[in-house]
Amino acid sequence: MHRLLILLATGGSATLLIAALGFQYIGEMPPCKLCYWQRYPHAAAAGIGVLAMIIPGALLPYLGALASLATAGVGAYHTGVERGWWEGPSTCTSGPVGGLSPEQLLEQIMAAPLVRCDDIPWEFLTLSMASWNALASLALTLLWISAANHSRKQG
């Protein structure tokens, strides 16, 4: 049972990575900085999953859960940036323009990244890609934890 759970969690992270690449290259939606940050833990979780299929024990599934939880956290943070609940990194969001001189405004425009983290390029059922990633990653975290718990019971 734990191997099936590991396979599902690993496949889930791999699927989310492939979907992100699909949006990027087929859907022509280039990722922002926070989008990239969400991909790294998925790649780690997929690699951990491959190792967990070979190496028994609960440690690797717990590490997979941590990786999935990390990408869920970044996805939730990105959602807040998109919705204007809090400010994102200054390297990928627009700053306030009130009180800026024309020269300062031009400087801010010229320094702005091509893809902003506070724009929502795609939504489904009112949730952005970052929101869907956060929710899916939480589900993957539960799969990883369940796999770890099954591994502990067998060991």
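Everything below is about the structure printed above this text.
Residues numbered from 1 in each chain as written. Predicted model: local features only at pLDDT ≥ 70, side-chain atom pairs only at ≥ 80, totals over all residues. Heavy atoms only, no water.

Student: Just give me the short version of the packing of aromatic side chains, but keep the residues and values in it.
Tutor: To describe a pair of aromatic rings, one takes the distance between the centres and the angle between the planes. As enumerated under the stated definition, the model contains five aromatic pairs in all. Each ring, one from Trp85 and one from Trp86, has its centre 6.0 Å from the other, and the planes form 65 degrees; the classification is edge-to-face. You can call Trp86 partly exposed: its relative accessible area is 39%. Residues Trp122 and Phe124 carry aromatic rings whose centres are separated by 6.4 Å and whose planes lie at 20 degrees to one another, so their mutual orientation is stacked. Among the aromatic side chains, those forming a connected cluster through ring pairs are Phe23, Trp122, Phe124 and Trp132. (Phe/Tyr/Trp six-rings, centres within 6.5 Å; stacked < 30°, edge-to-face > 60°. Buried < 20%, exposed > 50% of the residue type's maximum accessible area, 1.4 Å probe, protein only.)

Student: Any details on the layout of surface pockets? Residues and values, ideally.
Tutor: Estimated volume of the largest pocket: approximately 540 Å³. Residue lining of the largest pocket: 27 residues in total, with Ala20, Phe23, Cys35, Met129 and Ala130 positioned closest to the centre. Listing elements by their share of the lining of the largest pocket, those giving two or more residues are α1 (2-25), α2 (33-54), α3 (59-83) and α5 (129-154). Class assignment for the residues of the lining of the largest pocket results in 18 nonpolar, five polar and four charged. (1 Å grid on protein atoms, 1.4 Å probe; cavity = no way out; pocket = protein on both sides within 12 Å on 5 of 7 lines; lining within 4 Å. Points joined across faces, edges and corners; volume = space filled by probe spheres on them. Helix = DSSP H or I, 4+ residues; strand = E, 2+ residues; numbered from the N terminus. Nonpolar A, V, L, I, M, F, W, Y, C, P; charged D, E, K, R; others polar.)

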